[in-house]
Amino acid sequence: WGDGDVEGGILDSDIVDIGPSILGINRKNGNSHETFQLTHVQPPRLIKRVSPVYPAVAKKAFIDGVVSIEAVTDIYGRVVNVKVTSGHPLLRSAAVQAVKQWIYEPFIINGIPRPVSFVVDVKFKLHR
C-alpha cells in the first residue's frame, strides 16, 4: 500500500459525478418526489467519510471490485437513501453500510438547501 492507503478504503477520486439530480417540490400538486436533472453541476462535497469494512469472506475468496451506489441526501447533507446499481454481491452490504454514514455539504439552490441524488463508486481492492 502507498502512504495513506487503506485496504477497502475510498479515495476522493472514487466519488464519481454522473449528473446529480435535485429533488424538489412540484408546485402544482405538492409532490416532493419530483427530480430535476441538472447539467454541469458538481455533486455535493463529501465532508464525512466512513471507509467500508472489507468483508472477510470476500478477502478469502480474493474478490475485489467496485460497488456503484445511487445515494440521496437530505437538506442537511445526510445520506437518507441508497440503492446499489452494480457490484459484487459479497461487497455490496459493506459499501452500503459505509455510504449510509457519509455526510455531504448541503446542496443549496437560491439559498435553499435541497435533497440531491447522485452516484458514488466504492472501490474494494485487494493488495496481493
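Residues numbered from 1 in each chain as written. Predicted model: local features only at pLDDT ≥ 70, side-chain atom pairs only at ≥ 80, totals over all residues. Heavy atoms only, no water.

This part covers the packing of aromatic side chains. The geometry of two aromatic rings is summed up by the distance between their centres and the angle between their planes. Enumeration over the complete set of coordinates arrives at 3 aromatic pairs. Site record: aromatic cluster; members linked through ring pairs are W102, Y104 and F118. (Phe/Tyr/Trp six-rings, centres within 6.5 Å; stacked < 30°, edge-to-face > 60°.)

Next up on the list: the nonpolar core. Counting 25 residues, the largest nonpolar core has I69, V99, W102 and F124 as the members making the most contacts within it. Those elements giving two or more residues to this core turn out to be β4 (65-73), β5 (79-86), α2 (89-99) and β9 (116-124). Considering every element that reaches this core, the biggest residue donor is α2, with 6 residues. (Core = buried A, V, L, I, M, F, W, Y, C linked by side-chain atoms within 4.5 Å. Buried < 20%, exposed > 50% of the residue type's maximum accessible area, 1.4 Å probe, protein only. Helix = DSSP H or I, 4+ residues; strand = E, 2+ residues; numbered from the N terminus.)

This next bit is on unusual backbone geometry. Non-glycine residue F62 carries a positive phi angle of around 60°. Look at F62 and you get exposed, because its relative accessible area is 58%.

Overall, the coordinates contain 2 salt bridges when judged by the stated rule. In this structure, R45 engages E105 in a salt bridge whose closest nitrogen and oxygen atoms are separated by 2.9 Å. Of this pair, R45 sits in the loop between β2 (34-37) and β3 (46-48) while E105 is found in the loop between β6 (103-104) and β7 (107-109), placing the two residues 60 residues apart along the sequence. Overall, the relative accessible area of 35% leaves E105 in the partly exposed class. The salt bridge partner of D74 is R78, with a shortest N-O separation of 2.9 Å. Classification of D74 by relative accessible area gives buried; the value is 13%. (Salt bridge = Lys/Arg side-chain N within 4 Å of Asp/Glu carboxyl O.)

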